[in-house]
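Now for the letters of each chain:
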Amino acid sequence: MILGLTIILILVLFLPFTVKIVERNLEVFLFIMGIAAVVVSKVLNKDLIFKALEDPIHITLAVIIAGILFRWFQTPIEKGILGMSKAMPMRLFLALVVIVLGLISSVITAIIAAIVLVAVVSVLRLDRKSEIRLVILTCYSIGLGAVLTPIGEPLSTIATSKLNQDFFYLFRLLGADIIVGVVVFGVLAAMLIKPKEKLDRLAVNQGTESYVDIFIRGFKVYLFVMALTFLGAGFEPFIEKYLLDLNPLVLYWINMISAVLDNATLTAAEISPTMDDSTIRAILLGLLVSGGMLIPGNIPNIIAAGKLNIKSIEWARFAVPIGLIAMVAYFIVIVTIN
């Protein structure tokens, strides 16, 4: 089993960057790897199949409904975004996009924040490099910010429930770390993204997405989330056997596997009410930060990359170095404060 799961993990980590057909069909590839993982782990059963079919429904519906609404109200939405971007210096606007979406994602959910991000990026019409950087930095921000309440993302829901804590527990535990991180990502956006000198009407109405395209994207998101459910379930026996007794500071770095595995599943497997706050903090921060490194790591990544056609190698080229720097920074904070 261990050998089989190790091979699957290596394939998931490297094939999307080296094989073109895998990169073009990432959802199908991850689905196949997810099925392989649950077969190797011998955890495939009726309950898991029903869970895998059910988990993606609300995310898929949100993506489809948002896509349809954006199609219907495309012109006023685009004009509104364009107007806000013109009302202030562009670098300030980019920083605020990253910071505001990160902070409100815990209230409007990470899914809706990612959909708003796609709308903003579509209007700004940045050059490709700047567009990818803005998306990645904002997805890092959303991935962090959404954890502050149980409604922001599945990880926070599971953590709050499993620890039998109140609504504001994660805000008290991680609030300072998360808010500082979100602001830093916003500052990085202002520094690292080259804004267009002028936005005019040509930036608006760059084509209306068809209903077929909206539903195809929804299906791809559905398949993606189903694949992550299978992958998480497949690797759970491995995690329970080999990772749970490790030092939290070691586990912090090992949790970089959440770049390709569902961090909600890892949260469910790793945390326990018997742990102290410092241990829980280290585990969760490792999962949250590394989730932005690769496209499968977070739902916002999946939504934004799918809509804007960002390839795995394009994402990793910028996101992995940023993620590693963030991991080191948070590790220093954890060791210093603990």
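What you see is a predicted model, and the numbers here were worked out from it, not measured in a lab.

Draft legend 1. Layout of the overall build of the protein. Of the regular secondary structure elements, the protein holds 17 helices and zero strands. Along the three orthogonal principal directions, the C-alpha set of the protein runs to about 60 × 45 × 35 Å. Every one of the 338 residues in the protein was classed for burial, and the buried ones make up 53%. Sequence-distant contacts, at least 24 apart, represent 80% of the contacts inside the protein between residues at least 6 apart. Of the roughly 15000 Å² of accessible surface on the protein, a fraction of 69% belongs to carbon and sulfur atoms.

Draft legend 2. Representation of the packing of helix 5 (residues 57–72) against helix 12 (residues 211–242) within the structure. One way to put it is that helix 5 packs onto helix 12 with a least axis distance of 9 Å and a crossing angle of 160°. It follows from the interaxial angle that helix 5 and helix 12 lie roughly antiparallel. The handedness of the crossing between helix 5 and helix 12 comes out as right-handed. The segment helix 5 lies against helix 12, with Ile57, Ile59, Thr60, Val63, Ile64, Gly67, Ile68, Arg71 and Trp72 engaging Tyr211, Ile214, Phe215, Arg217, Gly218, Val221, Tyr222 and Val225. Its residues assigned to classes, the contact of helix 5 with helix 12 shows 12 nonpolar, three polar and two charged.

Draft legend 3. The nonpolar core, seen in detail. Val135, Leu174, Ile178, Leu231 and Trp315 are the most contacted members of the largest nonpolar core, which has 105 residues in total. With 12 residues, the top contributor of residues to this core is helix 8 (residues 110–124). Formed by seven residues, the second largest nonpolar core is a distinct cluster that contains Leu48, Ala52, Tyr222 and Ala233.

Draft legend 4. The arrangement of the pattern of salt bridges in detail. Counted by the stated rule, this structure contains six salt bridges. Across the salt bridge formed by Lys51 and Asp55, the nearest N and O atoms sit 2.8 Å from each other. Note on Lys51: relative accessible area 42%, which makes it partly exposed. Overall, Asp55 belongs to the partly exposed group, its relative accessible area being 24%.

Draft legend 5. Structural detail: unusual backbone geometry. Even without glycine at this site, Arg125 takes up a positive phi of about 50°. Here Arg125 is to be found in the loop between helix 8 and helix 9 (128–145).

Draft legend 6. Molecular detail of the side chain of Glu153. Tracing the sequence through the fold places Glu153 in the loop between helix 9 and helix 10 (154–162). Summary of buried charges: Glu153 has no salt-bridge partner, and the nearest side chain of opposite charge, Lys51, is 14 Å away. Leaving out residues up to four positions away in the same chain, Glu153 has contacts with Gly143, Ala146, Val147, Leu288 and Asn298.

Draft legend 7. Quick peek at the packing of helix 5 against helix 8. Orientation of helix 5 relative to helix 8, taken along the N-to-C sense of each, is 30°, at an axis distance of 10 Å. Classified by the angle between their axes, helix 5 and helix 8 sit roughly parallel to one another. The two elements helix 5 and helix 8 meet at a crossing, and its hand is right-handed. Residue-level inspection shows His58, Ile59, Ala62, Val63, Ala66 and Phe70 of helix 5 in contact with helix 8, the latter providing Ile111, Ile115 and Ala119. Its residues assigned to classes, the contact of helix 5 with helix 8 shows eight nonpolar, one polar and no charged.

Cut-off values and rules
In this numbering scheme, every chain counts its residues from 1 along its sequence in written order. Per-residue local features of the predicted model are confined to residues with pLDDT of at least 70, and side-chain atom pairs are confined, for both listing and counting, to 80 or more; whole-chain, interface and lining totals are unaffected and use all residues. Excluding hydrogens and water, the side-chain values take into account all heavy atoms of the structure. The way it works is that DSSP assigns letters per residue, a run of H or I at least four long becomes a helix, a run of E at least two long becomes a strand, and they are numbered from the N terminus. Here the term buried applies to any residue with accessible area under 20% of the maximum for its type, exposed to any over 50%, and partly exposed to those in between, with areas from a 1.4 Å probe on protein chains only. It only takes one pair of heavy atoms within 4.5 Å for two residues to be counted as in contact. Shrake-Rupley sampling with a 1.4 Å probe provides the accessible areas, and residues are treated as covered by the protein chains on show and by no other component. In this description, a line fitted to the C-alpha atoms serves as the axis of each element, helices being fitted only across the stretch in contact, and the angle between N-to-C directions of two axes falls anywhere from 0 to 180 degrees. Any angle between 65 and 115 degrees counts as roughly perpendicular, while under 35 counts as roughly parallel, over 145 as roughly antiparallel, and the rest as oblique. Whether a crossing is left-handed or right-handed is set by the direction in which the near helix is turned from the far one by less than a right angle, anticlockwise for left-handed and clockwise for right-handed. Throughout this entry, Asp, Glu, Lys and Arg are counted as charged residues, while Ala, Val, Leu, Ile, Met, Phe, Trp, Tyr, Cys and Pro are counted as nonpolar. The remaining residues, Gly among them, count as polar. Here, nonpolar core means buried Ala, Val, Leu, Ile, Met, Phe, Trp, Tyr and Cys residues that are tied together by side-chain atoms lying within 4.5 Å of each other. Any carboxyl oxygen of Asp or Glu within 4 Å of a side-chain nitrogen of Lys or Arg constitutes a salt bridge here. For the purpose of charge, His is not counted, nor are the chain termini; Lys and Arg are scored as positive and Asp and Glu as negative.

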